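Breakdown of the fold
Listed below are the residues making up each chain.
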Amino acid sequence: MGATQLTCIVCPIGCRITIESQNDVYTFSGNRCPRGAEFAQVELTAPTRSLTTTVRTIFPEMPVLPVRTAGEVPKALIPAIMRELAKVVVSERIPIGEPVVRDVLGTGCDIITTSGMF
């Protein structure tokens, strides 16, 4: 594979991490803390992301409701999750932090509200 570089997004420092690979053994340099190496390892093997978006509602005064994942989901599933959320229409008033979709696409992660509807 040779050397790959990426920017760590774990904290605001944004360390530039260099990843060397030889015989499926990875070495990391440029990270200022162990979390950077952990981030790089996950990014190479199974990248995940948080997702923030909106879903539709039936309420004219609030036609869309902001939502987010309660944790991180596989990066590759984000387009499919967005397609699922495009089908969602909230028909009751939901407080902040409540699930709109539970276990989205079998990820074990709920989609929760980030704003109340009261």
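Check the entry above for the structure.
Figured I'd write up the structure that's included with this text. Keep in mind the model is a prediction, meaning the values are calculated, not measured.

Cut-off values and rules
- Residues numbered from 1 in each chain as written.
- Predicted model: local features only at pLDDT ≥ 70, side-chain atom pairs only at ≥ 80, totals over all residues.
- Heavy atoms only, no water.
- Core = buried A, V, L, I, M, F, W, Y, C linked by side-chain atoms within 4.5 Å.
- Buried < 20%, exposed > 50% of the residue type's maximum accessible area, 1.4 Å probe, protein only.
- Helix = DSSP H or I, 4+ residues; strand = E, 2+ residues; numbered from the N terminus.
- Contact = heavy atoms within 4.5 Å.
- Expected span 1.5 Å × (residues − 1).
- Arc of directions from axis to C-beta.
- Pairing = 2+ DSSP bridges.
- Phe/Tyr/Trp six-rings, centres within 6.5 Å; stacked < 30°, edge-to-face > 60°.
- Lys NZ or Arg CZ within 6 Å of the ring centre and 35° of its normal.

It is worth spelling out the nonpolar core at this point. In this structure, Val55, Leu65, Ile81, Leu85, Val90 and Ile111 are the most contacted members of the largest nonpolar core, which totals 18 residues. Of all the secondary-structure elements, those providing two or more residues to this core are strand S6 (64-69) and helix H2 (78-85). Broken down by element, this core gets its largest block of residues, three residues, from H2. When sequence neighbours within four positions are dropped, the list of residues in contact with valine 90 reads Val55, Arg56, Thr57, Ile58, Phe59, Leu65, Val100 and Met117. Of all hydrophobic cores here, the second largest spans seven residues; its members include Leu6, Cys8, Ile19 and Phe39.

Below, the discussion takes up helix H1 (residues 34-45). Taking 1.5 Å of rise per residue, the twelve residues of H1 would be expected to cover 16 Å, and the 17 Å separating its terminal C-alpha atoms lies within 8% of that figure. Turning to H1, its buried residues are Gly36, Phe39, Ala40 and Glu43. Projected down its long axis, H1 shows its buried positions confined to an angular sector of 100°, all on one face. Exposed and facing more than 90 degrees away from the buried side of H1 are Pro34, Glu38 and Thr45.

Bridge count for strand S2 (residues 16-22) against strand S3 (residues 25-29) is five bridges, and the pairing is antiparallel. Bridge pairing in S3 links isoleucine 19 to phenylalanine 28. Adjacent in sequence and paired antiparallel, S2 and S3 are bridged by two residues, among which asparagine 23 carries a positive phi angle near 55°.

The side-chain alternation of S6 yields one buried face, formed by Leu65, Val67 and Thr69, and one unburied face, formed by Val64, Pro66 and Arg68. Here strand S5 (residues 52-57) folds back onto S6 in antiparallel fashion, the turn holding six residues. Two elements, S6 and strand S10 (residues 111-113), share three bridges in a ladder whose sense is antiparallel. Following the sheet pairing, threonine 69 is matched in S10 by isoleucine 111.

Further remarks concern the packing of aromatic side chains. With the rule as written, the count across this model stands at zero aromatic pairs. The ring centre of phenylalanine 59 lies 4.1 Å from the NZ or CZ of arginine 93, which sits over that ring.

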